[in-house]
Number of protein chains: 2
Amino acid sequence: MPKVSQAHLDARRQQILDAARARFAGHGFAHTSMADIVAESGLSIGAIYRYFTSKEEIVVGVCEQAGGALPQSLTAETVSGFLEHVRAMAREKGHARLVAQIYAEAALSPSLATVVRQQLAAQRAAVAALVPDHRRGDAEQIAEAFVALCSSYSQQLAIRGDVDPAPFTAALMAIVEGQPAPPESRRTVDRRRPGSPDSP
Amino acid sequence: MPKVSQAHLDARRQQILDAARARFAGHGFAHTSMADIVAESGLSIGAIYRYFTSKEEIVVGVCEQAGGALPQSLTAETVSGFLEHVRAMAREKGHARLVAQIYAEAALSPSLATVVRQQLAAQRAAVAALVPDHRRGDAEQIAEAFVALCSSYSQQLAIRGDVDPAPFTAALMAIVEGQPAPPESRRTVDRRRPGSPDSP
DNA sequence: ACAAAAAAAGCGAAGGGTCGCTCTTTTTTA
DNA sequence: TAAAAAAGAGCGACCCTTCGCTTTTTTTGT
């Protein structure tokens, strides 16, 4: 039986997902045709339908791999660094636009909503575990708002092109600390004016 | 020259926009066909194309009318009431899902992005005017995070069906006040468990 | 007043195109 | 050489838009 290695099969599947993600981020799910994915991936329609039974299944596959990173602690430095990372992913990979597409589709498709809800719940749990001791009692509420505001920064990047992360860092710390961050840590916030604020 | 009253023309145009908004909120822009809008509006295709030159133009028209309300002051009571209003609009009109569609499309279409950016800028300006005196210096940063977190609550409603607004009220007040809201005002936050949290 | 005319408003069948997917054929691999 | 893998032409369905026709409304002529 002539079967190619499992690693090769996995690589091909990933090749399709990578191509699809790139096009989805640039043109959305509906405005990306199978022919587009064929062109981007360098494979054929026949090959793609060997790995996915439908376009919808490709969309789900991309969504499952689109879960974002998180800061590893909730200090002004790490939070600011995390937002810069989100900003870089938006610039380089169009990741913010992709996330906007995913949220919109998840609002319509119950199966996609399940995927996204689980990712959000995992993010909230991870953040909740990081809240400082003196606010441990409100950890879940804090995590809810924290994760929401992070994804909102991504949304703003998607719509406005580039947005200064400083107000978001300050707000995230206010949510976590329950009071203004101490002056010395606020000074670490990057206040440089972004390249082209408010333009796409 | 036989021309019907301008009021009648406006009413017809609005009739089309109302029908389109309802379908867009339920099924997204791409999954809503002209035939759907015809069925929902009770008009004919020919009539619709008398008022709009393309489907895209209907989408823009709906987006222009989708600008959300804002709280009239930044107290825990008014902010909480505002979030309840957002929540009610999501339940009754699917408004949160519509907004998710708009943001996704704005991330792809420069013309739509312009419309949405102007609405966001107007909202930030309105909120900035409401920040209390002792934080007037950070009004713009506060408004940026405030508006973002409000729209993020809408996004969460779109994806998760219903979400307790309490964590968002607390976070919004933390952003505005720069410290935890005083106990008595926090007690006004509606802490009832929403009907079905985390399920669509 | 009334009717004929003119023009806007409304209608819907059909055109032209795109798209997702299938199926047969060809190529590759063990 | 036999079966898996890849290829891609073609099918059927759908969808946006156009265009000629009908209906409705206002104006005009008598």
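Everything quoted here is computed from the prediction, not taken from an experiment. (Residues numbered from 1 in each chain as written. Chains lettered and ligands numbered in written order. Predicted model: local features only at pLDDT ≥ 70, side-chain atom pairs only at ≥ 80, totals over all residues. Heavy atoms only, no water.)

1. Examining the relation of the copies chain A and chain B
Mapping chain A onto chain B is achieved by rotating through 180° and translating by 0.0 Å along the same axis, at an RMSD of 0.1 Å. Read as a symmetry element, the transformation amounts to a two-fold axis. Mapped onto chain B, 100% of the interface residues of chain A are again interface residues, and the two copies thus contact each other with one and the same surface. (Least-squares fit on C-alpha atoms with pLDDT ≥ 70 in both. Contact = heavy atoms within 4.5 Å.)

2. Some details on the interface of chain A and chain B
Between chain A and chain B, the residue contacts involve 49 residues of the former and 49 residues of the latter. Here chain A packs against chain B, burying approximately 3,800 Å² in sum over the two surfaces, 58% of which is carbon and sulfur. It is R117(A), Q141(A) and I159(A) that lose the most area in chain A upon contact with chain B, and together they represent 17% of the buried surface on that side. Counting across the chain A and chain B interface gives two salt bridges. At the boundary of chain A with chain B, the tally comes to eight residue pairs in polar contact (both at pLDDT 80 or more). It is helix α8 (residues 139–160) of chain A that provides the largest number of residues to the side of chain A that touches chain B, a total of 12 residues. When grouped by side-chain class, the residues that make up the side of chain A that touches chain B number 26 nonpolar, 13 polar and 10 charged. (Buried area = accessible area lost by both parts, 1.4 Å probe. Salt bridge = Lys/Arg side-chain N within 4 Å of Asp/Glu carboxyl O. Polar contact = N/O pair within 3.5 Å; in protein donor to acceptor, adjacent residues only side chain to side chain. Helix = DSSP H or I, 4+ residues; strand = E, 2+ residues; numbered from the N terminus. Nonpolar A, V, L, I, M, F, W, Y, C, P; charged D, E, K, R; others polar.)

3. Comments concerning the UniProt feature "domain: HTH tetR-type" (unreviewed entry) in chain A
UniProt records the feature "domain: HTH tetR-type" (unreviewed entry) at residues 10–70 of chain A, using the numbering of this structure. Note that residues 10–70 of chain A is 70% helix and 0% strand, and that its end C-alpha atoms are spaced 27 Å apart. (UniProt positions renumbered as here; feature names shortened; annotations may be inferred.)

4. Regarding the packing of aromatic side chains
Across all of its chains, the model carries four aromatic pairs over all chains by this definition. With a centroid separation of 4.7 Å and 80° between ring planes, the pair formed by F24(A) and F29(A) is classed as edge-to-face. No difference in accessibility class separates F24(A) from F29(A), as the two residues are buried. A centroid spacing of 4.8 Å and a plane angle of 50° characterise the contact between Y153(B) and F168(B), whose relative ring orientation is tilted. (Phe/Tyr/Trp six-rings, centres within 6.5 Å; stacked < 30°, edge-to-face > 60°. Buried < 20%, exposed > 50% of the residue type's maximum accessible area, 1.4 Å probe, protein only.)

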